[in-house]
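The chain contents come next:
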Amino acid sequence: MFGQMLGSNSRIKNGRSSCVRLIMHSMTQAPAGGHSKLHELCQLKHFTLAWMILLQWMYNLGARKFPLFSTEVSGCTPVARSKNNGSCIELYNYASSLLNTKLNLSVDMFHKEMAGSHFVFVNLFEIMSEVMNDAASYGIEVIDEHCCKTIAGGSRCLVDGSVCSNRSNHLFFDGGHPADVTNSIMGRMAYSANLTVGFIKILVLVSFFFSEAAGNITAMFIFGDSVVDNGNNVYLPDSEATANFLPYGIDLAAPTGRFTNKWTVADVLGQLLGLPHPLPGFNDPTTKGTKILSGVNYASAGSGILDSTTFNITVIPMNQQITNFEKGTLPELRSNLSSYLSGSIFVFNTGGNDYSDHCFQETRCYLPEFTWLLIGNFTLQLKWMYGLGARKFVLFGCQPSGCTPGARLRNGGNCSEDFNLAAILFNTCLNASIDRLTSEMPGSHFVFANTYEVLSEIIADPASYGFDVIDKPCCAVSAASQGSLCQRNGSACADRNTYLYFDGSHPSNAANWILASTIYSSDVQSYAYPFNVKQLSNLNADFTHPGLISDLAMDVIEMEVQ
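Residues numbered from 1 in each chain as written. Predicted model: local features only at pLDDT ≥ 70, side-chain atom pairs only at ≥ 80, totals over all residues. Heavy atoms only, no water.

*Asks:* What is the right way to read the overall build of the protein chain from this model?
*Replies:* For the protein chain, the count of helices and strands is 19 helices and 13 strands. Evaluated residue by residue, the protein chain yields a buried proportion of 55% over its 562 residues. A separation threshold of at least 6 residues defines the contact pool for the protein chain, and within that pool the share at least 24 residues apart is 72%. Total accessible area on the protein chain stands at roughly 24,100 Å², and carbon and sulfur atoms take up 53% of it. (Helix = DSSP H or I, 4+ residues; strand = E, 2+ residues; numbered from the N terminus. Buried < 20%, exposed > 50% of the residue type's maximum accessible area, 1.4 Å probe, protein only. Contact = heavy atoms within 4.5 Å. Areas by Shrake-Rupley, 256 points an atom, 1.4 Å probe, with all protein chains shown as cover.)

*Asks:* Is there a simple way to explain the side chain of Thr-309 in this structure?
*Replies:* With respect to the element layout, Thr-309 can be found in the loop between strand 9 (295-297) and helix 10 (318-329). Leaving out residues up to four positions away in the same chain, Thr-309 has contacts with Gly-302, Ser-303, Gly-304, Val-315, Asn-353, Asp-354, Asp-357 and His-358.

*Asks:* Teacher, can you tell me more about the sheet that holds strand 11 (residues 392-396) here?
*Replies:* Backbone-to-backbone hydrogen bonds pair the strands of a sheet. The strands run either parallel or antiparallel. Within the open sheet, the 6 strands sit side by side as 9-8-10-11-12-13. Their pairing is mixed. Pairing within the sheet leaves two strands with one partner each, and these edge strands are strand 9 and strand 13 (528-529). The sheet contact formed by strand 11 and strand 12 (residues 445-449) spans 5 bridges and is parallel. Within strand 12, the position partnered with Lys-392 by the bridge is His-445. (Pairing = 2+ DSSP bridges.)

*Asks:* Looking at this model, I keep getting lost on the state of the cysteines. Mind explaining?
*Replies:* Every disulfide links exactly two cysteines, by a covalent bond between their sulfur atoms. Counted according to the given criterion, the structure contains 7 disulfides. Disulfide pairing is shown between Cys-76 and Cys-88; the S-S distance is 2.1 Å. The sign of the S-S torsion, about 120°, decides the handedness of the disulfide formed by Cys-76 and Cys-88: right-handed. One end of the pair, Cys-76, is in the loop between strand 1 (65-69) and helix 5 (78-82); the other, Cys-88, is in the loop between helix 5 and helix 6 (90-113), and 12 residues separate them in sequence. The pair Cys-76 / Cys-88 is uniform in exposure class, with both members buried. Linked covalently through their sulfurs, Cys-403 and Cys-415 form a disulfide whose S-S length is 2.1 Å. Torsion about the S-S bond of the Cys-403 and Cys-415 cystine: about 120°, corresponding to right-handed handedness. Taken together, the residues Cys-403 in the loop between strand 11 and helix 14 (405-409) and Cys-415 in the loop between helix 14 and helix 15 (417-440) connect sequence positions 12 residues apart. (Disulfide = S-S within 2.5 Å.)

*Asks:* Explain the packing of aromatic side chains here, please?
*Replies:* The description of an aromatic ring pair rests on the distance of the ring centres and on the angle between the ring planes. On inspection of all chains with the given rule, the structure shows 21 aromatic pairs. Seen in terms of ring centroids, Tyr-298 and Phe-325 are 6.0 Å apart; in terms of plane orientation they differ by 85°. Their pairing is edge-to-face. Of this pair, Tyr-298 sits in the loop between strand 9 and helix 10 while Phe-325 sits in helix 10; the two residues are 27 residues apart in sequence, bridging distant segments of the chain. Residue Phe-325 is classed as buried on the basis of its relative accessible area of 0%. Judged by centre distance (5.6 Å) and plane angle (85°), the rings of Phe-325 and Phe-346 are edge-to-face. With Phe-325 in helix 10 and Phe-346 in strand 10 (residues 344-349), this residue pair connects regions lying 21 residues apart in the sequence. (Phe/Tyr/Trp six-rings, centres within 6.5 Å; stacked < 30°, edge-to-face > 60°.)

Laid out in structure tokens, this is it:
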């Protein structure tokens, strides 16, 4: 049987590199304006079958514990750089990322098919990327050149050729293979790197895949405020709502503009959906071409549903974020647009700043009336997105902003019930709108993600979730922000996994993992209504009702529906 399926060992020998070359070839040969075979290649069915055959063979010989190594950063090797004027070849890296994602998502299947076995996916791509991004911290000085003199083409060392004397400072030994020092770094990190969140063991660089693969999701687009902003405000002139300084990003290679110590809730949700990680920010000048194929983040700290929500600083309001999607991203996705958008999830986290800016600053508001103003405007924005082709929506509710460390600091250590009441009103109205939105936008699907409820339960019983501190920030906060944001280059707690909040307003990486995991897989409707994100990913998107489609997308979608 195995002989019939394999044909010969040569057909699957070096299967990973063969698959990477296949993807690269398709992407480089695709016609201008689109990658016609990319969707098919994303399935990588033959690659998974080859892995299954080899692993089953070893399983039948008695093997039970399997570490599966990913491909490395193939587009940034010295030989790849030599073909691209010294720069990384992003097509190669994207191909590796696709392959690694498929292998990661296959781990659970391998485990089920081989009873009593255990599999670990070792993400060498992520490890090597971190080393490249902060080489000095790992004692590496040279990341773009090889240590040995190479043959023509630059891939392998010349026989009896010379080698550099400072080999421990080079990331690569030849044109395509890591040096001994790099292998030691990757081996140590693969062996021991982990993150414990409460009683949930989450392996970051080496992970047992703990949930079934998401069904039909190939991209995610993120809109909202600082809870999900991944650094867009960094590129705004004179914006004060930025987090591109330590201690923000302390658990990454460098600060990225995220208002937490590592990943936002949207980042984690993308990982759970099996998307290449992390997604790029729209304002990053390099966000174009193949980088946008798995999604884009448009979120802006300080923004809200209303254009007038700015706190008198430079932000990107929701209307402009949607315009950026329509005018900046959609034109690059015109090939097979409806098929592409049917596999996309659109995430929104907004509303909290509108209350803060219009109801709890110098001016006050009548909460019920203002809430309906917000819901009305947000509904129009969602219909705008529907008109652009969005069909699968995840709508995050407002968090319990009255119980953040910053709010407690300004209220004598107690929760501010006014802030919480505003969040409850918004969440109640938004949750109640889900069924109406679905009926008014045929073929659409909505999930209301009630992070207020999840965080409230953690605050009520923190020990059960592994938290020790719920009322204080992990970082030293600034007086200028009234205790909401970290001091620039200030200190941060050492035991960050035990803090619910990293600064005075934003959840820690540990909290974001719990929030995302809950709305992704929980069947409790008070957390995710009417179903969870994992179930949303398996639903079909319907483009037979294009009634609100914009002029930009109408011609493509109408043609495909016919």
